[in-house]
Amino acid sequence: MKKIVILDGKTLGELDFDKLREFGELAYYDTTKPEEVVERIKDANIVLTNKVVLNENNLKEAKNLELICETATGFNNIDIVYAKNNNIAVTNVAGYSTNTVAQHTFATVLSLYDKLSYYDNYVKSGDYAKSGLFTNVSKPFYELEGKTWGIIGFGAIGKKVAKIAEVFGVNVIYYSTSGKNSNSEYKRVDFKALLDQSDIISIHAPLNKDTQGLINYDALKNMKKSSILVNMGRGPIVVEADLAKALDEELIAGAALDVFEVEPIKEDNPLISIRNKENLVVTPHIAWASVEARVRLFEEVINNIKAFYNGEIRGRVEL
């Protein structure tokens, strides 16, 4: 019987964590502070983490540890080198959130394009009831049909967004941040062309040396004034102070972000205090987290554990 420890289960919401008891004794924690990690993992055979950092300083105390399960795709919170050198297997889960991230991308784009915040508030405030008119077209909104959608990061999520965009009659182009991604179905362009041509730019790329700070003030100045920016990738890809400035200066028409440079967002984040808040949609890193996606994620974690103890290589993170 194994000892299983969940370090930050609250990040996964309401799931049937008792399914893990088939492997042994379960210790569940909503959250774990850095100074609590050593005590909580020291006797564990299996550790589940989403964002809790596991490094040499705390892993060296976990003498029985056999398997670390990353309950996400990204595993930069785990010291993979130390784990490998100490015969600790590491698994992650990829592909579980493609559908929901694509859906959330369109939810935010359509909210901005149809001015939903403005018109929702107009009705709820009572102004519609007092207006004497059956409609209100004071805030112009536009169709997606015929627009150009530029995608940064053309992996599974980027491709899913492209397919959905086509249904709306949108012209899709993409920029490969690595320079290695090529797709014959859609037009690949350089970064400048993407900025120049796109009415919508959505980011679905990982954070690396090529993408950190990619969307800065200079990039925003080169976008169309009627364009909107959507970040569903990683927060530091967009320089938030530059984006806030660009929105206030009306260099672009709007933005939607589900990820931020620091999470949770700081109270003094400049995006919170922009002048026209209707032009900004922000959500707390939830694009990945539909009920279906979280259930898929957890089932894959369980399957990774089963595979490990059956001597199979499944979901394994390698150097």
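Residues numbered from 1 in each chain as written. Predicted model: local features only at pLDDT ≥ 70, side-chain atom pairs only at ≥ 80, totals over all residues. Heavy atoms only, no water.

The chain appears in an unreviewed UniProt entry as D-2-hydroxyacid dehydrogenase from Clostridium tertium.

(A) Quick look at a nonpolar patch on the surface. On the surface, Val-123, Tyr-128 and Phe-134 cluster together to form a nonpolar patch covering roughly 340 Å² of accessible area. Within the secondary structure, Phe-134 sits in the loop between α6 (127–131) and β6 (148–152). Residue class for Phe-134 comes out exposed when judged on its relative accessible area of 73%. (Patch = residues over 30% accessible without salt bridge, like charges linked within 9 Å, V, L, I, M, F, W, Y side chains within 5 Å. Areas by Shrake-Rupley, 256 points an atom, 1.4 Å probe, with all protein chains shown as cover. Salt bridge = Lys/Arg side-chain N within 4 Å of Asp/Glu carboxyl O. Helix = DSSP H or I, 4+ residues; strand = E, 2+ residues; numbered from the N terminus. Buried < 20%, exposed > 50% of the residue type's maximum accessible area, 1.4 Å probe, protein only.)

(B) Expanded view of empty space enclosed by the protein. Tallied over the full model, the rule gives one cavity of 30 Å³ or more. Taken as a whole, the largest cavity holds about 30 Å³ of empty space. The wall of the largest cavity is formed by Ser-111, Lys-115, Leu-116, Ser-117, Tyr-118, Glu-278 and Val-281. Sort the elements by how many residues they give to the lining of the largest cavity and helix α5 (residues 116–124) lands first, with three residues. (1 Å grid on protein atoms, 1.4 Å probe; cavity = no way out; pocket = protein on both sides within 12 Å on 5 of 7 lines; lining within 4 Å. Points joined across faces, edges and corners; volume = space filled by probe spheres on them.)

(C) Layout of the side chain of Thr-211. Relative to the helices and strands, Thr-211 resides in the loop between β9 (200–203) and α9 (217–221). For Thr-211, the side chain forms a polar contact with the main-chain nitrogen of Asn-208, separated by 2.9 Å. Excluding anything up to four places from it in sequence, Thr-211 contacts Thr-177, Ala-205, Pro-206, Pro-236 and Ile-237. (Polar contact = N/O pair within 3.5 Å; in protein donor to acceptor, adjacent residues only side chain to side chain. Contact = heavy atoms within 4.5 Å.)

(D) Examining the packing of aromatic side chains more closely. This model, assessed by the stated rule, comprises twelve aromatic pairs. When the centroid spacing of 5.1 Å and the interplanar angle of 45° are considered together, the rings of Phe-17 and Tyr-28 count as tilted. Placement of the pair is Phe-17 in the loop between β1 (2–6) and β2 (24–28) and Tyr-28 in strand β2, with a sequence separation of eleven residues. Taking the relative accessible area as the measure of exposure, Phe-17 reaches 10% and is therefore buried. Measuring from ring centre to ring centre gives 4.8 Å for Phe-308 and Tyr-309, while their planes differ by 80°; the resulting arrangement is edge-to-face. Given a relative accessible area of 22%, Phe-308 falls into the partly exposed group. The exposure class assigned to Tyr-309 is partly exposed, which follows from its relative accessible area of 30%. Aromatic ring contacts, followed pair by pair, group Phe-17, Tyr-28 and Phe-298 into a single cluster. Over the aromatic face of Tyr-118 sits the side chain of Lys-139, whose NZ or CZ is 5.0 Å from the ring centroid. Taking the ring centre of Tyr-217 as reference, the NZ or CZ of Lys-245 above it sits at 4.3 Å. (Phe/Tyr/Trp six-rings, centres within 6.5 Å; stacked < 30°, edge-to-face > 60°. Lys NZ or Arg CZ within 6 Å of the ring centre and 35° of its normal.)

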